[in-house]
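Spelled out, the chains give:
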Amino acid sequence: MTLWALGSGLWELGIESWELTARSSWRDGWRRVIAAPALVASVFALTFLLALPLVITLRGMLAAHLGGSLAAETAASGINYDWWQEFTAQATGLGTTFTPSVIGFATVLDNISGVLDARVRIAPLATALALYLVGWAFLSGGILDRYARQRPIHVHGFFAASGAYGVRFVRLAVIAGLIYWWLFAYVHPWLFDTQFDNLTRGMNTERAAFLVRAIFYVFFGGVLLAVNLVVDYTKVRIVVEDRRSAIGAIAAAVRFIRTHLRQVLALYVLNSLTFLVLIAVWALIAPGVGGDGLSMWAGFVVAQLYIVARLLLKVQFIASQIALFQANLAHASYVSAPAPAWPDSPAAEAIDSSPRSA
Amino acid sequence: MHTLRPFAAAILLCGAIVVAVTARQQPPVEQPSAGGPTSPPPVATDARSPRNASYEIDARLDEAAKTIRGKETIRWRNITDLPTNELQFHLYWNAWRDTESTWLRERRIAGLFTPPQADAWSTMDVTSLRLREASGQTRDLTTDMRFIAPDDGNTKDRTVMSVPLGRSVGPNESIEVEVEWTAKIPRPFARTGWIGDYYFIAQWFPKLGVLESEGWNTHQFHLATEFFSDFGVYDVHLTVPRRFVVGASGRQTTRTDNADGTTTHRYQEDDIHDFAWTASPDFLDLTQRFEHLTLPAVDIRLLLLPEHRGQADRYFTTIAATLKRYGEWFGAYPYGHITVVDPAFQSDSDGMEYPTLVTGRARWFAPHTTQLPESTTAHEVGHQWWYAMVATNEFEHAWMDEGFNTYATARVMAEAMNSNRVESRYFGGFIPWSFRDIPVTRIDNDRLAAFRFNAEADAQWTPTFQYWPATAGIISYNKTALWMHTFEQRVGWPVMQRIMGTYFERWKFKHPRPSDFFDIVREVTGHWHYWFFDEVYRSSNTFDYGVQEFLSERVDEKTFRTSVVVRRYGEATFPVDVVTTFENGEQTRETWNGQERRALYVYEKPVRGTTAQVDPDHVLLLDVAYTNNSRTLKPSSGKASLKWSLKWMVWLEDLMLTYGFFV
């Protein structure tokens, strides 16, 4: 079912104005994203460049282990799983993350399940992840500002906005971080270790145990989404309304979500469905092992397009939430408003309405 | 008459009461039958084994209390040349009686300990033990029972019980003992126990050790070991609630519904050395028949759980493939039937073997390219050869059944199940992903990957119960499979098959020791192969050969000097070939005995050398680092590392984006 058909289905069920707003916000979000391609290019560059040093490090490990071995030939032209296992047996640090999960769609499964199963990441990865999150937190001000204004703000404007909102976002990040930390440090083990073990200890069918785990995933994922939603709209309110207080913005975000719950959720569902469609497409086309030379680069380009698509969805998520907010609570005093479109002057009107020559 | 009638009636009544009470309190004294206990029991002319430890068992499952109450009559014959004046019994379930058992102590030491919950514990208490004398009288030995700890002196361990007989039992003399016991069934431990209404009951009855010429061989229950017992005839009555589907070692001969809502299942089998059973109301009872031109037919019974319904064909195909290949390679499976149990989730009963009854292993979500249920099922069915028939001492030489069988299973898998792919599991291990580009090879099923980590853990000749518990499996399973496969590559499969087939035929229904196998190797190949077994069996050295240097330099206008230095990095030695390839495609092959630390080969030719390889055919599968076995002057490591680091980059970017959810 396409998103559009789903939207139409909801429409026919009589879910009208709020669904319409969500759908138009979703479309508006895309419009804003497409209008600012440099922004996507920038976040892609951030992702790529942060990954690059680690990639170079890992490449050095792989090359050092292969040395002048003939094993490299089969590893280059296809796969040499014997070598791979040998490499893993001696690997430390980053090398330990070089598992078959790096191939094709397994990447997505590994990473999502890594988050939901609260898998601890090794120090080099944790550092890179922390830098990436800090980078995003810093740039978020500029990104939101750009999408809210709907007009070019240029590099200096972008970084001015990033800087202006950066401190507020750091305060927000501390609060959100504490909540996430509590969720992963306490709620997750309580749920997935203690309660899961208690509930499934007597189960002798795997599907029943999986059902319990799936319910826990939905519950825990739901909590994460709820926190995420509040954080998202808090950022929107901080930027669009130039709020100084992170705590005040959180309260305002909660208020907005509560009073526009159906629109907010409908938009979240639309965005999530878009993400699932992308993941499904990726599951179908994700390159496998491949060879070297052209096929390697072709596979890499396809994979980078997938990464770009993921980033597009991420910024579209932001842009559509801004669109939704602005569609509901727009007034002149907003800081990050679109460029004013002045009404025509009376003189212009007179000129425009004068009889035209034949 | 009138006066006598009440008197006679009273006497008769009293007599009847006395008889009834006596009958209840003491078993009737039976007259010794022809060929009574002290004479050798009549071993059937078609007996395949000595049948010197036979059991008649009558057991009842109390589902509510999770207990088994049982009574057994053991007919035991001393088949050694020495007399004995005691019996020794295994009481395996006492391994989970408390944390002081040797089994749980070893688990703690190995770092694998998680404290069992309150309802997990089990017990096995012998309530009565009587020796039936030649006269037919029984002598109560219950008070003479005592626990012993022959392996580690752990006085808290109650897994071995000694009972002085008060007299000597001479060679070829038989005795009969009656044992009553009660046992609390554990939550699953070491492949036995209950979960929900699924029961897998193994090592569940007081069981004799093995008397050898050196004395009783009755080891305590260890974390890393399995079992050892003599062959006999088993006749077992199991009474369980009627709703249960029951499977057991042997063939079911009767089934009797009782008035109390229970059913008594009778299973019998000859020439087996253990008996296990399972019960669940959920089993789907499926059957197929294995038929073969030259091998005896086998009725296959598959007790399948509904959540694995879709995997029935995979089970049957694997069982048939294993029966066929093991039968053709090693010798016929003679029992005519086999029961394969699809074990319940979390039952810890998966992947285990008992005579004529094995457990497989299946996952609810199992794409057709995954290894399960095939690999485990093939392995366990294969144990009918290497364990059930060739009954080695698993306490001391686990490699002789587990290792031999891992080697043979890998062969079956390579021949019959070659569509299997490497898989990873995600989301708590529930969701599999099969990598279509990575086939599971025979070497993977030899378990080379895990061996690398623990190649030096123990020398194989060390008695298994003394292996480091956490790595015992690596030495028993992986190392053996790898050296057997290596040996096969050296002597060729036809010779290897003759070795294994001869060994099987010679030692089935007996208890061979390592020397018996080595004797067969010598008999078939004409050599002792000391050099090989010294390395793989008597030492814990690792194998690692490599190309240390490879140079090809111009000497003059017409000549290049190509130098190859091959090196033995590990302590273990093995003869290896060294192949050097030149630009014109020419190859030189040298055979290096592998004894010295290094060897130098120099060639002067009109063309440059391109590659050098030590052990190019990968004969030595125990080599823990094969990547260093080759060297080329035009390495592809740049291309390979670029390709794989780019793959990894996508994974890393995706990881960053996944965590990007939080900002």
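Residues numbered from 1 in each chain as written. Chains lettered and ligands numbered in written order. Predicted model: local features only at pLDDT ≥ 70, side-chain atom pairs only at ≥ 80, totals over all residues. Heavy atoms only, no water.

**Overview of the overall build of chain A**
When helices and strands are counted, chain A shows 13 helices and 0 strands. Helices and strands in chain A line up, N terminus first, as α-α-α-α-α-α-α-α-α-α-α-α-α. Per-residue burial for chain A yields a buried fraction of 50% across its 358 residues. Working note: accessible area of chain A is about 16,400 Å², and carbon and sulfur atoms make up 71% of it. (Helix = DSSP H or I, 4+ residues; strand = E, 2+ residues; numbered from the N terminus. Buried < 20%, exposed > 50% of the residue type's maximum accessible area, 1.4 Å probe, protein only. Areas by Shrake-Rupley, 256 points an atom, 1.4 Å probe, with all protein chains shown as cover.)

**A word on the overall build of chain B**
Each helix and strand counted, chain B has 13 helices and 32 strands in total. In terms of overall dimensions, chain B has a C-alpha envelope of 135 × 65 × 55 Å along the principal axes. Burial statistics for chain B: of 663 residues in total, 60% are counted as buried. Sequence-distant contacts in chain B: of pairs separated by 6 or more residues, those separated by 24 or more amount to 70%. Roughly 25,400 Å² of accessible area belongs to chain B as shown, and the carbon and sulfur atoms make up 52% of that amount. Taken as two groups, the 69 positive and 84 negative side-chain charges of chain B have centres that lie 2 Å from each other. (Contact = heavy atoms within 4.5 Å. Lys, Arg positive; Asp, Glu negative; His and termini not counted. Charge placed at Lys NZ, Arg CZ, Asp CG, Glu CD.)

**A word on the packing of aromatic side chains**
Scanning the model with the defined rule gives 89 aromatic pairs over all chains in all. Positioned above the aromatic ring of Trp 136 of chain A is the side chain of Lys 314 of chain A, whose terminal nitrogen or guanidinium carbon lies 4.8 Å from the ring centre. Cation over ring: Lys 605 of chain B sits above Phe 582 of chain B, and NZ or CZ is 5.3 Å from the ring centre. (Phe/Tyr/Trp six-rings, centres within 6.5 Å; stacked < 30°, edge-to-face > 60°. Lys NZ or Arg CZ within 6 Å of the ring centre and 35° of its normal.)

**Points about the side chain of Ser 539 of chain B**
All names here are of chain B. Turning to its location among the elements, Ser 539 is positioned in the loop between α12 (530-536) and β26 (545-556). There is a polar contact of 3.0 Å between the side chain of Ser 539 and the backbone nitrogen of Asn 541. Other than its neighbours up to four places away in sequence, Ser 539 contacts Ala 459, Gln 460, Trp 461, Lys 479 and Asp 534. (Polar contact = N/O pair within 3.5 Å; in protein donor to acceptor, adjacent residues only side chain to side chain.)

**Structural notes on the packing of helix α10 (residues 493-507) of chain B against helix α11 (residues 514-525) of chain B**
All names here are of chain B. For the pair α10 and α11, interaxial distance at closest approach is 9 Å and the crossing angle is 130 degrees. In terms of orientation, α10 and α11 fall into the oblique class. Of the two elements, α10 crosses α11, and the hand of that crossing is right-handed. In this structure, α10 contributes Val 495, Arg 498, Ile 499, Met 500, Thr 502, Tyr 503, Arg 506 and Trp 507 to the contact, and α11 contributes Asp 516, Phe 517, Ile 520, Val 521, Glu 523, Val 524 and Thr 525. In terms of residue class, the contact of α10 with α11 is made up of 9 nonpolar, 2 polar and 4 charged. (Axes fitted to C-alpha atoms, helices over the stretch in contact; angles between N-to-C directions. Parallel < 35°, antiparallel > 145°, perpendicular 65-115°, else oblique. Left-handed = near helix turned anticlockwise from the far one by under 90°. Nonpolar A, V, L, I, M, F, W, Y, C, P; charged D, E, K, R; others polar.)

**Here we look at the confidence of the model for chain A**
Here chain A averages 89 in pLDDT, while 87% of its residues score no lower than 70. Note on residues 10-14 of chain A: pLDDT is under 50 here. Beyond four places in sequence and across chains, it has 5 contacts. (pLDDT = per-residue confidence, 0-100.)

**A few points about empty space enclosed by the protein**
One pass over the structure, following the stated rule, counts 3 cavities of 30 Å³ or more. Space inside the largest cavity adds up to approximately 40 Å³. Lining the largest cavity, in full, are Glu 212, Phe 228, Thr 392, Asn 393, Glu 396, His 397, His 511, Pro 512 and Arg 513 of chain B. Partitioned by chemical class, the residues of the lining of the largest cavity number 2 nonpolar, 4 polar and 3 charged. Here the second largest cavity defines a volume of roughly 40 Å³. Taken together, Asp 82 and Gln 85 of chain A together with Ile 443, Asp 444, Leu 448, Ala 449 and Arg 452 of chain B form the lining of the second largest cavity. Secondary-structure elements contributing two or more residues to the lining of the second largest cavity are α5 (81-90) of chain A together with α7 (442-446) and α8 (448-453) of chain B. (1 Å grid on protein atoms, 1.4 Å probe; cavity = no way out; pocket = protein on both sides within 12 Å on 5 of 7 lines; lining within 4 Å. Points joined across faces, edges and corners; volume = space filled by probe spheres on them.)

**A closer look at the environment of Glu 56 of chain B**
Residues and elements named next belong to chain B. Structurally, Glu 56 can be placed in strand β1 (residues 53-62). By relative accessible area, which is 35% here, Glu 56 ends up partly exposed. In this structure the C-alpha to C-alpha distance between Glu 56 and Phe 205, which are 149 residues apart in sequence, comes to 11 Å. Not counting chain neighbours up to four residues away, the residues in contact with Glu 56 comprise Lys 71, Glu 72, Thr 73, Arg 75 and Asp 235. Looking at Glu 56, its side chain comes within polar contact range of the side chain of Arg 75, at 3.0 Å.

**Considerations on a nonpolar patch on the surface**
On the surface, Val 170, Val 174, Leu 178, Trp 181, Trp 182 and Tyr 186 of chain A cluster together into a nonpolar patch covering about 680 Å² of accessible area. The residue Trp 181 of chain A is located in helix α8 (residues 154-200) in this model. (Patch = residues over 30% accessible without salt bridge, like charges linked within 9 Å, V, L, I, M, F, W, Y side chains within 5 Å. Salt bridge = Lys/Arg side-chain N within 4 Å of Asp/Glu carboxyl O.)

**Focus: the pattern of salt bridges**
Residues and elements named next belong to chain B. Going through the model one piece at a time under the given rule, you end up with 60 salt bridges over all chains. Between Arg 48 and Asp 271 there is a salt bridge whose closest N-O contact spans 3.5 Å. Of this pair, Arg 48 sits in the loop between α1 (4-25) and β1 while Asp 271 sits in strand β17 (residues 262-272), placing them 223 residues apart in sequence. For Asp 271, a relative accessible area of 1% puts it in the buried group. Arg 243 serves as the salt-bridge partner of Glu 63, at 2.4 Å between the closest nitrogen and oxygen. With Glu 63 in the loop between β1 and β2 (67-77) and Arg 243 in the loop between β14 (232-241) and β15 (245-248), the pair connects residues that are 180 residues apart, well separated along the chain.

**Remarks on the sheet that holds strand β27 (residues 559-568) of chain B**
Residue and element names in this part refer to chain B. Judged by pairing direction, the sheet is antiparallel, and its 3 strands sit side by side in the order β26-β27-β30 without closing on themselves. Across the chains shown, the open sheet's two edge strands, defined by having one partner strand only, are β26 and β30 (598-605). Averaged over all pairs of adjacent strands, the angle between their axes in this sheet comes to 15 degrees, without regard to strand direction. Where β27 lies against β30, 8 bridges are found, and the strand directions are antiparallel. Looking at the pairing, Val 564 lines up with Tyr 601 of β30. (Pairing = 2+ DSSP bridges.)

**As for the side chain of His 485 of chain B**
Residue and element names in this part refer to chain B. One can find His 485 in helix α9 (residues 472-491). Polar contacts involving the side chain of His 485 include one to the side chain of Asp 446, which spans 2.5 Å. If near-sequence neighbours (up to four positions away) are discounted, His 485 is found in contact with Tyr 407, Arg 442, Asp 446 and Leu 621.

**Re the sheet that holds strand β7 (residues 160-169) of chain B**
Residue and element names in this part refer to chain B. Pairing is antiparallel across the open sheet formed by 4 strands, whose spatial order is β6-β7-β3-β11. Because the sheet does not close on itself, it has two edges, and the strands there are β6 (146-147) and β11 (207-208). Looking at chain direction, strand β3 (residues 84-90) and β7 are connected through 6 bridges and run antiparallel. Paired with Glu 86 across the bridge in β7 is Pro 164.

**So, the pairing of strand β4 (residues 123-132) of chain B**
Residue and element names in this part refer to chain B. Counting buried positions along β4 gives 7 out of 10 residues, so the element sits mostly inside the fold. Inspection of the sheet shows β4 paired to strand β8 (residues 174-184) by 9 bridges, in the antiparallel sense. Residue pairing in the sheet places Val 126 in a bridge with Trp 181 of β8. Pairing between β4 and strand β5 (residues 138-140): 3 bridges, direction antiparallel.

**Some details on the layout of surface pockets**
Unoccupied space between atoms shows up once a probe the size of one water molecule is rolled over them. Each pocket or cavity is described by its volume, and for the second largest pocket that value is around 1,100 Å³. Mapped onto the lining of the second largest pocket, the elements with two or more residues apiece are α6 (106-116), α9 (206-240), α11 (261-285) and α12 (294-328) of chain A together with α13 (637-659) of chain B. In terms of residue count, the dominant contributor to the lining of the second largest pocket is α9 of chain A (10 residues). Residues that form the lining of the second largest pocket fall into these classes: 23 nonpolar, 8 polar and 4 charged.

**Observations concerning the environment of Val 223 of chain A**
Tracing the sequence through the fold places Val 223 of chain A in helix α9. In this structure, the C-alpha to C-alpha distance between Val 223 of chain A and Leu 183 of chain A, residues 40 residues apart in sequence, is 8.6 Å.

**Some points on the interface of chain A and chain B**
Reports often express the size of an interface as the amount of accessible area lost when the parts come together. Counting residues at the interface gives 98 residues for chain A, matched by 71 residues for chain B. Together chain A and chain B conceal approximately 8,000 Å² of surface at their shared face, both sides included; 67% is due to carbon and sulfur atoms. In terms of surface lost to chain B, no three residues of chain A exceed Arg 201, Asn 204 and Glu 206 of chain A, which account for 11% of the buried area on that side. The interface formed by chain A and chain B contains 5 salt bridges. (Buried area = accessible area lost by both parts, 1.4 Å probe.)

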